[in-house]
Amino acid sequence: MHRAMKIPAAFLALVLLLGAADAVQAGVTGPTRPESESVRMLLPSPGELFVSLGRLGDVDWSDAASYNPRYDYKDNAYRALNLGVRSADGFLAIQARDKKNLGKMFQSIVTLAEELMVRDTVLDQGREVEKLAREGKWDKVHLELGKLRTAIMDEMENMGDSNVALLVSAGGWLEGLRATSKVLAANYNPEMSTILYQPQLVNYFAYRMIRLDKGSRNNPVVRNLTASLTEIKELIDVGYKNPVPRENIVKLLEISTKLVKEIEKG
Amino acid sequence: MASPKSRCTIVTITALLLALVWPMWNSALHCAEMTFQDVTKDVDPKDTVLQKAIQKVMITANLKGFDASLKMTGHSVNGDTEFAEATLFAGNEYFFTAVGGDNAATLNVLVIDQNGGVVDPETGKILPPGTKVPPSDSLTIRPEWTGSFLIQVTMFCKSEYEGANWALISGYKVKQ
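Residues numbered from 1 in each chain as written. Chains lettered and ligands numbered in written order. Predicted model: local features only at pLDDT ≥ 70, side-chain atom pairs only at ≥ 80, totals over all residues. Heavy atoms only, no water.

Moving on, we come to the packing of helix 2 (residues 46-53) of chain A against helix 4 (residues 76-95) of chain A. Residue and element names in this part refer to chain A. Across the interface, helix 2 lies against helix 4 with an axial gap of 9 Å and an inter-helix angle of 35°. Note that helix 2 runs across helix 4; the crossing there is right-handed. Along its contact with helix 2, which presents Pro-46, Gly-47, Phe-50 and Val-51, the element helix 4 presents Ala-88, Phe-91, Leu-92 and Gln-95. The residue inventory of the contact of helix 2 with helix 4, partitioned by class, reads 6 nonpolar, 2 polar and no charged. (Axes fitted to C-alpha atoms, helices over the stretch in contact; angles between N-to-C directions. Helix = DSSP H or I, 4+ residues; strand = E, 2+ residues; numbered from the N terminus. Left-handed = near helix turned anticlockwise from the far one by under 90°. Contact = heavy atoms within 4.5 Å. Nonpolar A, V, L, I, M, F, W, Y, C, P; charged D, E, K, R; others polar.)

As structure tokens, this is what we get:
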């Protein structure tokens, strides 16, 4: 090869090599997943997030919660999103050991689920929640609420209503984000802020929300939530093990509070 | 025909353009690959072996204080590996257990963190990427950092010619 051409060729090879290395580093997961494999996402429960946040120590859980008892909404998109928000608030009431608000959230969850055609036999599973709370068996209450939430979501999937199930997850995730941001904005701790690092969940919601049925997709709050996901991702995608800056958390609180208010308003 | 000097210039310009375009292309490629598949949770009503195995894991997990649920099901042939991703929150204790139905001999669960670190099923610790760990159908982990984890389920069947149903059950401990 002509000597003058060797340098650009070597440069080209280096560029290709660096590009390939970058592609490997860009992968979210370990080395064994085939590149073409699409991702099956296992969604977390809001309760899971709050148990992790509990490591912060003294948290004013009641202040973090929204506790809106309303359950009369005009369409299934609002019902599903509110059901998600209420179940997240139910977990917050458990963290706060707040029987009164847990009762309110539980009633709201059951009514919204009934409106979404979830069978009574499924909802009966959760009847123990209030009794256990009265007895102060909070860990069992947490387990029962978790089971009820899973049963409701599974029932929706079984009815072929994966759109509604997705919106329940999205509502719960959003209220979890709002409550966590509120707690962290008031008690900023760099290490604890890393629990907001959930870019893959945002990717998942963004992917699924734009593929909702037309009716749900055109719901104003669903549209706003979908549009906000890009900004939310920018604020939390700080890299694995890195703290989310306080100013990002304040902004996350602002975005999520506005969205939760829109959801609750209906 | 172009002179060697002008050919050299063309190659240099091409290389520079590639250097500019490649990261964007790579990024676009990565986004294009970011697709999500539905998770199935159907359990074959005739597969009582699987149903009983799921029930047993769920009851045991509940007794140990885990909010456990059936996360995923599938049907695989011998040697097949299925993948899922989960965001795990720092400080929580999680378990992942795979159970099989009729014809499933063993299953192997492997959990890998975002840096490729492999979870040791015996200790729950994250080991350096590429470390070989003993096969196990169940493991617990308490991640130090919140992030996305890859969960791999590999099926080993009794008969090579028939597949088997499997299920992945997972949960987090309510009281940490």
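Still to come is the rest of the account.
Turning our attention to the pattern of salt bridges. According to the stated counting rule, one finds 16 salt bridges over all chains in the structure shown. A salt bridge links Lys-182 of chain A to Asp-63 of chain A; the nearest nitrogen and oxygen atoms lie 3.9 Å apart. Remark: Asp-63 of chain A occurs in helix 3 (residues 61-64) and Lys-182 of chain A occurs in helix 9 (residues 162-186); sequence separation between them is 119 residues. You can call Asp-63 of chain A partly exposed: its relative accessible area is 43%. For the salt bridge of Asp-139 of chain A with Lys-175 of chain B, the shortest nitrogen-to-oxygen distance reads 4.0 Å. Taken together, the residues Asp-139 of chain A in helix 8 (residues 138-158) and Lys-175 of chain B in the segment after strand 10 (164-173) connect one chain to another. Assessed through its relative accessible area of 30%, Asp-139 of chain A is described here as partly exposed. Among the charged side chains, a network of salt bridges with common partners joins Lys-131, Glu-135 and Lys-137 of chain A. (Salt bridge = Lys/Arg side-chain N within 4 Å of Asp/Glu carboxyl O. Buried < 20%, exposed > 50% of the residue type's maximum accessible area, 1.4 Å probe, protein only.)

It is worth spelling out helix 11 (residues 199-209) of chain A at this point. One full turn of an α-helix is made of 3.6 residues, so residues set three or four places apart face in the same direction. For helix 11 of chain A, the tally of buried residues reaches 10 of 11 residues, placing the bulk of the element in the interior. Taken residue by residue, helix 11 of chain A has Pro-199, Gln-200, Leu-201, Val-202, Asn-203, Tyr-204, Phe-205, Tyr-207, Arg-208 and Met-209 of chain A as its buried positions.

Here the focus is the environment of Gly-146 of chain A. By the secondary structure assignment, Gly-146 of chain A is in helix 8. Along the primary structure Gly-146 of chain A and Asp-75 of chain A are separated by 71 residues, whereas in three dimensions their C-alpha atoms are 25 Å apart. Beyond its immediate sequence surroundings of up to four residues, Gly-146 of chain A is in contact with Phe-91 of chain A together with Asp-67 of chain B.

The next thing to look at is the confidence of the model for chain A. Low-pLDDT portions of the prediction should not be read for the details of their coordinates. Residue and element names in this part refer to chain A. Here chain A averages 87 in pLDDT, while 86% of its residues score no lower than 70. Taken element by element, chain A is modelled with least confidence in helix 1 (residues 3-26), mean pLDDT 39, and with most confidence in helix 14 (residues 246-265), mean pLDDT 98. Note on residues 1-31: pLDDT is under 50 here. Beyond four places in sequence and across chains, it has 40 contacts. (pLDDT = per-residue confidence, 0-100.)

So, on to the sheet that holds strand 4 (residues 94-100) of chain B. Residues and elements named next belong to chain B. One open sheet accounts for 4 strands, arranged 2-10-4-8; its pairing is antiparallel. The sheet is open, and its two edges are formed by strand 2 (66-76) and strand 8 (138-141), each paired on a single side. Between one strand axis and the next, the sheet turns by 15° as a mean value, whatever way the strands run. As paired elements, strand 4 and strand 8 share 4 bridges and run antiparallel to each other. Paired with Phe-95 across the bridge in strand 8 is Thr-140. Most of the contacts of helix 2 (residues 48-63) go to strand 4, to which it runs at about 160°, and overall it touches strand 2, strand 4 and strand 10. (Pairing = 2+ DSSP bridges.)

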